[in-house]
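This is what each chain is made of:
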Amino acid sequence: MKILVKKTVLYYAKTYQLGSYSLTTWFDEFSKHEFNNFNQLKSVYRNASIIANNRVVFNIKGNDFRLVVSINFLQQACYVIGLVHTGNLIKLMLKLYHLMSIS
C-alpha cells in the first residue's frame, strides 16, 4: 500500500516524539501490505476502526495516539489525514465531522 505524502508522517513523528518510534514502525509495516478491503486490513490491524468515507483510525503507541488515514483500496493508496494525542481526540472528531459534511 502506497502512503502518499511521507513528509506528513515525518512531520508527526518529529512533532509527537513520544509516538515517533511507533508511528515510523506503523509506516514501515503498513507500506509492505496490500489490502483489497477493510476486512483484510482488519485481519492485520485488529484495533483499526473505519469511521466514514474510507477513513480508518489506527491506534499508535498503544492507546496514546490516533492516526486517521483515508484509504483507496482500488488504487492501493493511503493518505494521512492526521495524528492526534488521545487527549485532543474531541477536536479531531469535530474537524473530521466538518470535512465529511463538505465532501
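Scoring rules and cut-offs
Residues numbered from 1 in each chain as written. Predicted model: local features only at pLDDT ≥ 70, side-chain atom pairs only at ≥ 80, totals over all residues. Heavy atoms only, no water. Patch = residues over 30% accessible without salt bridge, like charges linked within 9 Å, V, L, I, M, F, W, Y side chains within 5 Å. Areas by Shrake-Rupley, 256 points an atom, 1.4 Å probe, with all protein chains shown as cover. Salt bridge = Lys/Arg side-chain N within 4 Å of Asp/Glu carboxyl O. Helix = DSSP H or I, 4+ residues; strand = E, 2+ residues; numbered from the N terminus. Buried < 20%, exposed > 50% of the residue type's maximum accessible area, 1.4 Å probe, protein only. Arc of directions from axis to C-beta. Contact = heavy atoms within 4.5 Å. Pairing = 2+ DSSP bridges. Axes fitted to C-alpha atoms, helices over the stretch in contact; angles between N-to-C directions.

A. Just a nonpolar patch on the surface, in detail. Taken together, Leu 4, Val 5 and Tyr 79 make up a surface patch of nonpolar side chains, about 250 Å² in accessible area. Of note, Tyr 79 is situated in strand 5 (residues 77-85).

B. View of helix 1 (residues 6-15). Among all positions of helix 1, only Thr 8, Val 9, Tyr 12 and Ala 13 are buried. The buried residues of helix 1 occupy one face: seen down the axis, they fall within an arc of 140°. Facing away from the buried side of helix 1, by more than 90 degrees, are the exposed residues Lys 7, Tyr 11 and Lys 14. Contacts from the buried residues of helix 1 go to strand 1 (2-4), helix 2 (20-30) and strand 5.

C. Looking closely at the environment of Arg 55. Relative to the helices and strands, Arg 55 is located in strand 3 (residues 55-60). Since its relative accessible area comes to 12%, Arg 55 is described here as buried.

D. Layout of the sheet that holds strand 1. Pairing is mixed in the open sheet, where five strands are placed in the order 1-5-4-3-2. Each edge of the open sheet is held by one strand with a lone partner, namely strand 1 and strand 2 (49-52). Across the sheet, the mean angle from the axis of one strand to that of its neighbour is 35°, orientation sign disregarded. Note that strand 3 and strand 4 (residues 65-72) share six bridges and pair antiparallel. Note that in strand 4 the partner of Phe 58 across the bridge is Leu 67. Against the sheet, helix 1 makes contact with strand 1 and strand 5, and its axis sits at roughly 15° relative to strand 5, the strand it touches most.

E. Structural detail: the pairing of strand 4. In terms of residue burial, strand 4 counts as a mostly covered element, since six of its eight residues are buried. Hairpin connection of strand 3 to strand 4: four residues between the antiparallel strands, including Lys 61 at a positive phi of 55°. The sheet contact formed by strand 4 and strand 5 spans eight bridges and is antiparallel. Each residue of the ladder has a partner; that of Arg 66, found in strand 5, is Val 84. What sits between strand 4 and strand 5 in their antiparallel hairpin is a turn of four residues, with Gln 76 showing a positive phi close to 55°.

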